[in-house]
Amino acid sequence: MTRAAGGGAAGRAARGRAGEARGGAGEARGGAAEARGGAAEGAAARPARLSGAQAHARYEALVARAMTAEDPVAALRAAAEDPALPPALRKALLGADEDGVRMSALLVARLRFERLLRGSPEAEAWFDRDPAEFSAAFRRYHAEVPPTAFFPPGEARLFRRWIEAPSAPARARRPR
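Residues numbered from 1 in each chain as written. Predicted model: local features only at pLDDT ≥ 70, side-chain atom pairs only at ≥ 80, totals over all residues. Heavy atoms only, no water.

Asks: Tell me about the nonpolar core, and please be specific about residues and values.
Replies: Ranked by size, the top nonpolar core spans 18 residues in total, and within it Met67, Leu76, Leu85, Leu93 and Val101 carry the most contacts. Breaking this core down by element, the ones donating at least two residues are α4 (52–67), α5 (72–79), α6 (87–95) and α7 (98–119). For this core, the leading source of residues is α4, giving five residues. In terms of nonpolar packing, the next biggest core, distinct from the first, is built from 14 residues, Leu117, Phe134, Phe159 and Trp162 among them. (Core = buried A, V, L, I, M, F, W, Y, C linked by side-chain atoms within 4.5 Å. Buried < 20%, exposed > 50% of the residue type's maximum accessible area, 1.4 Å probe, protein only. Helix = DSSP H or I, 4+ residues; strand = E, 2+ residues; numbered from the N terminus.)

Asks: Mind laying out the confidence of the model for the chain, listing which residues take part and the relevant values?
Replies: Confidence in the prediction of the chain, expressed as mean pLDDT, is 77, and 68% of residues score 70 or more. Here residues 1–44 scores under 50 on pLDDT; set against residues more than four positions off or in separate chains, the count is 33 contacts. (pLDDT = per-residue confidence, 0-100. Contact = heavy atoms within 4.5 Å.)

Asks: I'd like to hear about helix α10 (residues 152–164), residue by residue, with values.
Replies: The periodicity of an α-helix, 3.6 residues per turn, causes residues three or four positions apart to be oriented the same way. If you check α10, its first and last C-alpha atoms are 18 Å apart, about what 13 residues at 1.5 Å a residue would give, namely 18 Å. Residues of α10 that are buried: Gly154, Glu155, Ala156, Leu158, Phe159, Trp162 and Ile163. (Expected span 1.5 Å × (residues − 1).)

Asks: Provide a residue-level description of the packing of α4 against α5, including the pertinent values.
Replies: Taken N-terminus to C-terminus, the directions of α4 and α5 make an angle of 155°; their axes are 8 Å apart at the nearest point. Between α4 and α5, the crossing angle belongs to the class labelled roughly antiparallel. Regarding α4 and α5, the two cross each other, and that crossing is right-handed. For the pair α4 and α5, contact is made by Leu62, Val63 and Ala66 and by Pro72, Ala75, Leu76 and Ala79, respectively. The residue inventory of the contact of α4 with α5, partitioned by class, reads seven nonpolar, no polar and no charged. (Axes fitted to C-alpha atoms, helices over the stretch in contact; angles between N-to-C directions. Parallel < 35°, antiparallel > 145°, perpendicular 65-115°, else oblique. Left-handed = near helix turned anticlockwise from the far one by under 90°. Nonpolar A, V, L, I, M, F, W, Y, C, P; charged D, E, K, R; others polar.)

Below you can see the structure in the form of structure tokens.
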């Protein structure tokens, strides 16, 4: 699962989204059938069929998102409801060991936390000064920002961007 949390999944997920935006061949055929007076309701009700690479990119993005969710098991169960995923990938999401999922999510959070403290003297000082406030801010950051950094400076940059964003909570924007 560590690869799903890394930067490789982000590129594949972006390519998958680009393919989804263009629409699949099944959608085009559905439109042609509709023009010929075919059964348009059935085609419109079915989700666009993803290519193998698009389906796997979507699967990896869903797993990565679950690793930062408050309840990663529930997030995987919800992801298994995605009708665009092939049955085998939906089954894999449902079959994930719950304890393994929880442990993986804890490891992802711990690694991000350690990378951040090693990469940002400001974050480390904030944690030393007010561990409860910093931990609350980190929880929000972890839930809102996908884990894409591999090294401490990258995690520090992500955190700094998150703090400086206008949508960041006021307490997180101004570490003392």
